[in-house]
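Listed below are the residues making up each chain.
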Amino acid sequence: MKLEKSAILKALETITVAGEGKNMVESGAVKNVITFGDEVVVDLVLTTPALHIRKRAEVDVMKAIHDEVYEKAKIKVNIKVEAPAPAATQKNEIKGKAIPGIKNIIAVASGKGGVGKSTVTSNLAVSLAKMGFKVGLLDADIYGPSAPIMFDVERERPLSVNEGGKSKMKPIENYGVKILSIGFFTQPNQAVVWRGPMAAKALNQMIFDAAWGELDFMLIDLPPGTGDIHLSIMQSLPITGAVVVSTPQNVALADARKGVAMFQQESINVPVLGVIENMAYFTPEELPNNKYYIFGKEGAKHLAEDLEIPFLGEIPLVQSIREAGDVGRPAALQVATPIEKAFEALTRNVVQEVVRRNDDLPPTEAIKITTMAGCSAVKK
């Protein structure tokens, strides 16, 4: 059987280029197609060296040709990587865009690592789902993804689905929450050692090349601190509002204050829905009426009052929360327990602040980031 080059190109038009939202032919990723009888050679040029993206491209090409042209075709895919010019020598102005079908995007941040931000995010997502909302969770902590473990889906891998003629990732779903994380594409002992542009490209792929469907809330679990990933997310998406998680001690509160300040910068201007205090106090099981303020008392509450932003609630330091996260069953699923009630109250406060924010403020604009000759500016 002789394969036609035109048929091959038509099949390749059904494949989306990772992170770009264009098909392989339209984006110019397909550099050459050679056919000889039932043999096909496809030359691709990609802009990211990430192994999982290269592998996905190869698999998608072979599948498209087998499905659309000839199932017994002998296919060879040659992939060349041409990285984009460094940020210091190019000028980027990228306007973020909303994702159709997603009503509210909530960024969950912390100025400091180790305060339980991912634990709060996973339990907030589960609590929203229990209330009947359609919920998605994007694990944007590229260098320390934890959502796959916390939702007991670390062995799962997203499948490719066809949506609107384009190949997209189908998020993993558990406990009523749709999840995407870089952890689905790496081995447990594999470290992600990427520069900022590579991490941003992977995030864009999980945001725009995914079949999220209709969502009332998308929660974005940001990495600790204030840096590259945070700017990339706010550049890519119009964030409805941000939630900052902190523990009560001064060293964590100092960083939480910086986290709030980042969102409140005039050039960024993302509404801060409030502050959550995690590990607020410890109550031993044998002394249920006692509270021990190991890390200090009401530090995050006082911070919220000082900054004149809502205090969304406190979560105690309880062993079962840690155990639930380790076994992949968020503690908010524990029926009729004080922990379930604490997360439920917290979630109701977040929803209330989102409703108030949407009533009182116009939609958030994604920021534009301009980088040129080593100098950067962030503007609306």
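Bear in mind that the values here come from a model prediction, so they are computed numbers and not experimental data.

1. Overview of helix α10 (residues 319-326)
Phase 1: Listed in full, the buried residues belonging to α10 are I321, A324 and G325. The arc that holds every buried residue of α10, seen down its axis, measures 100°, which confines them to one face.
Phase 2: Buried residues along α10 sit in contact with α4 (117-130), α5 (147-150), β13 (311-317) and α11 (338-360).

2. Some words on the packing of helix α8 (residues 250-264) against helix α9 (residues 299-307)
When two helices pack together, you describe them by how their axes are tilted relative to each other and by the distance separating the axes.
Phase 1: It is at 11 Å that the axes of α8 and α9 come closest, and there the two elements cross at 35°. Pair α8 / α9 crosses with right-handed handedness. Together, L253, A256, R257 and V260 of α8 and G299, A300, L303, D306 and L307 of α9 make up the contact between the two elements.
Phase 2: Considering only residue class, the contact of α8 with α9 consists of six nonpolar, one polar and two charged.

3. As for the pattern of salt bridges
When charged atoms on two side chains of opposite charge get close, those side chains can pair.
Phase 1: With the rule as written, the count across this model stands at eleven salt bridges.
Phase 2: Note that D60 is salt-bridged to R56, the shortest N-O span being 3.3 Å. A residue pair is termed a helical-turn pair when its members lie 3 or 4 positions apart in one helix, as D60 and R56 do in helix α3 (residues 51-68) at four residues.
Phase 3: Judged by relative accessible area, which is 10%, D60 ranks as buried.
Phase 4: For R56, a relative accessible area of 16% gives the class buried.
Phase 5: Put simply, D221 and K117 hold a salt bridge, and the shortest N to O gap is 2.7 Å.

4. Examining the environment of I207
Phase 1: Position of I207 among the secondary structure elements: in helix α6 (residues 196-208).
Phase 2: Between the C-alpha atoms of I207 and I99, which are 108 residues apart in sequence, the distance is 8.1 Å.
Phase 3: Leave out the neighbours within four places in its chain, and I207 touches I99, L138, W212, I233, S236 and L237.

5. A closer look at the nonpolar core
Phase 1: In this structure, F151, I220, I233, I239 and F263 are the most contacted members of the largest nonpolar core, which totals 84 residues.
Phase 2: If you tally residues by element for this core, the top one is α11, at seven residues.
Phase 3: With residues up to four places along the chain from it excluded, the contact list for F263 reads A109, L222, M234, A242, V244, I268, N269, V270 and V272.

6. Notes on a nonpolar patch on the surface
Phase 1: On the surface, F282, L287, Y292 and I294 cluster together to form a nonpolar patch covering roughly 350 Å² of accessible area.
Phase 2: Mapped onto the elements of the fold, F282 is located in strand β12 (residues 272-282).

7. Thoughts on the sheet that holds β12
The strands making up a sheet are joined through hydrogen bonds of the backbone, oriented either antiparallel or parallel.
Phase 1: Overall, mixed pairing links the eight strands, which are arranged β8-β9-β5-β10-β4-β11-β12-β13 in an open sheet. This sheet does not close on itself; its edge strands, each paired only once, are β8 (172-174) and β13. The mean inter-strand angle of the sheet, taken between neighbouring strand axes irrespective of direction, is 25°.
Phase 2: Sheet topology note: the strand β4 (residues 102-109)/strand β11 (residues 241-246) ladder contains four bridges and is parallel. Bridged to V108 within β11 is V243.
Phase 3: α4 rests against β4, β5 (135-139), β9 (177-181), β10 (215-221), β11 and β12 of the sheet, and its axis sits at about 170° to β10.
Phase 4: The strands that α11 touches are β4, β10, β12 and β13; relative to β13, the one it contacts most, it runs at about 160°.

8. Description of the side chain of N104
Phase 1: You can see N104 is positioned in strand β4.
Phase 2: At 3.0 Å, the side chain of N104 forms a polar contact with the side chain of N358.
Phase 3: In this structure N104 touches D216, F217, M218, T240, V354 and N358, once residues within four positions along its chain are discounted.

9. A word on the packing of aromatic side chains
Phase 1: Per the counting criterion, the structure on display carries three aromatic pairs.
Phase 2: Over the ring of Y281 we find K291; its NZ or CZ atom is 4.4 Å from the centre of that ring.

10. A short note on the sheet that holds strand β3 (residues 74-81)
Phase 1: Judged by pairing direction, the sheet is mixed, and its three strands sit side by side in the order β1-β2-β3 without closing on themselves. The open sheet has two edge strands with one neighbour each: β1 (30-36) and β3. Ignoring strand direction, the axes of neighbouring strands in this sheet form an average angle of 10°.
Phase 2: Sheet analysis places strand β2 (residues 39-46) next to β3, joined by eight bridges and oriented parallel. By the bridge assignment for β3, L46 is matched with V81.
Phase 3: Relative to the sheet, helix α1 (residues 5-12) contacts β1 and β2, its axis offset from that of β1 by approximately 140°.

What counts and what doesn't
Residues numbered from 1 in each chain as written. Predicted model: local features only at pLDDT ≥ 70, side-chain atom pairs only at ≥ 80, totals over all residues. Heavy atoms only, no water. Buried < 20%, exposed > 50% of the residue type's maximum accessible area, 1.4 Å probe, protein only. Helix = DSSP H or I, 4+ residues; strand = E, 2+ residues; numbered from the N terminus. Arc of directions from axis to C-beta. Contact = heavy atoms within 4.5 Å. Axes fitted to C-alpha atoms, helices over the stretch in contact; angles between N-to-C directions. Left-handed = near helix turned anticlockwise from the far one by under 90°. Nonpolar A, V, L, I, M, F, W, Y, C, P; charged D, E, K, R; others polar. Salt bridge = Lys/Arg side-chain N within 4 Å of Asp/Glu carboxyl O. Core = buried A, V, L, I, M, F, W, Y, C linked by side-chain atoms within 4.5 Å. Patch = residues over 30% accessible without salt bridge, like charges linked within 9 Å, V, L, I, M, F, W, Y side chains within 5 Å. Areas by Shrake-Rupley, 256 points an atom, 1.4 Å probe, with all protein chains shown as cover. Pairing = 2+ DSSP bridges. Polar contact = N/O pair within 3.5 Å; in protein donor to acceptor, adjacent residues only side chain to side chain. Phe/Tyr/Trp six-rings, centres within 6.5 Å; stacked < 30°, edge-to-face > 60°. Lys NZ or Arg CZ within 6 Å of the ring centre and 35° of its normal.

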